[in-house]
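Listed here are the chains, written in short residue letters.
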Amino acid sequence: QRQMCIRDSRKILDVYAHRVGPTVDWLLDQGIQLNTDGGVQKRAEFNTPRLLLLKGGCPGYAQTLRELVKASGAEVLLGTRASNLIVEDGRVVGASAEGGGYKYTIHAKAVILATGGYGANREMLGGALKKTLYYGPVSSTGDGHKMAMEIGAGMQLMDYATIYYNGLE
């Protein structure tokens, strides 16, 4: 099983490496702006420069995303929590959600699971991570991972993370 996991991870890394350029181009086409002062940046834990900084930092990026969503006419349901994924013919076609006293059944052509991490859920952490100080958001409870696993999605490399000098981010 470990060999399969590593092989699958290499496939994912290959897809990432070959799609990062077109993805950045697409983001720029959408109006996301990069801070190009100083070129590609390097953080202490990286051997080579590999960070593209956002113009205006994360607040600027978030504002641009809000404007893009508004312009698209998409309905945004704030304070709404997805409870499960809807699968038809082996394909995820939506989600059930609750918020503000309402229950929703949302159908879509595509579903993006962007629910954050699982570092705040000790039960989901494995190996040395279970004993490591976690200092990330308390909302990283792995709910998206659980929904994906409930419909048969495979998880890999869940026992691995970068542990910084002050703990797990």
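In case you missed it, the structure is sitting above this.
Notes on the structure in this doc start here. (Residues numbered from 1 in each chain as written. Predicted model: local features only at pLDDT ≥ 70, side-chain atom pairs only at ≥ 80, totals over all residues. Heavy atoms only, no water.)

Examining the overall build of the chain
Across its full length, the chain holds 3 helices and 7 strands. For the chain, the sequential pattern of α-helices and β-strands runs α-β-β-α-β-β-β-α-β-β. C-alpha extents for the chain along the principal axes are approximately 45 × 45 × 30 Å. Within the span of the chain, comprising 169 residues, buried residues form 19% of the whole. In the chain, the proportion of contacts linking residues at least 24 apart, taken out of those at least 6 apart, comes to 41%. Working note: accessible area of the chain is about 12800 Å², and carbon and sulfur atoms make up 56% of it. Side-chain charges of the chain comprise 19 positive and 16 negative groups, with the mean position of each set lying 5 Å from the other. (Helix = DSSP H or I, 4+ residues; strand = E, 2+ residues; numbered from the N terminus. Buried < 20%, exposed > 50% of the residue type's maximum accessible area, 1.4 Å probe, protein only. Contact = heavy atoms within 4.5 Å. Areas by Shrake-Rupley, 256 points an atom, 1.4 Å probe, with all protein chains shown as cover. Lys, Arg positive; Asp, Glu negative; His and termini not counted. Charge placed at Lys NZ, Arg CZ, Asp CG, Glu CD.)

Observations concerning the pairing of strand 3 (residues 81-88)
If a strand is regular, its side chains alternate between the two faces of the sheet. As paired elements, strand 3 and strand 4 (residues 91-99) share 7 bridges and run antiparallel to each other. By the bridge assignment, E88 is partnered in strand 4 with R91. In textbook terms, the turn of a hairpin is the stretch between consecutive antiparallel strands, and for strand 3 and strand 4 this stretch comprises 2 residues, one of which, D89, has a positive phi near 55 degrees. (Pairing = 2+ DSSP bridges.)

What to know about the pairing of strand 5 (residues 102-107)
Of all 6 residues in strand 5, 0 are buried, a share of ten percent or less. Where strand 4 and strand 5 come together, 6 bridges link them in antiparallel fashion. For G99, the partnering residue across the bridge sits in strand 5 and is Y102. The turn linking strand 4 back onto strand 5 is made up of 2 residues, and G100 within it adopts a positive phi angle of 60 degrees.

Some thoughts on a nonpolar patch on the surface
Taken together, L13, Y16 and V20 make up a surface patch of nonpolar side chains, about 320 Å² in accessible area. Among the structural elements, V20 can be located in helix 1 (residues 2-30). (Patch = residues over 30% accessible without salt bridge, like charges linked within 9 Å, V, L, I, M, F, W, Y side chains within 5 Å. Salt bridge = Lys/Arg side-chain N within 4 Å of Asp/Glu carboxyl O.)

Everything listed here is a matter of coordinates, which is why it stays silent on function.
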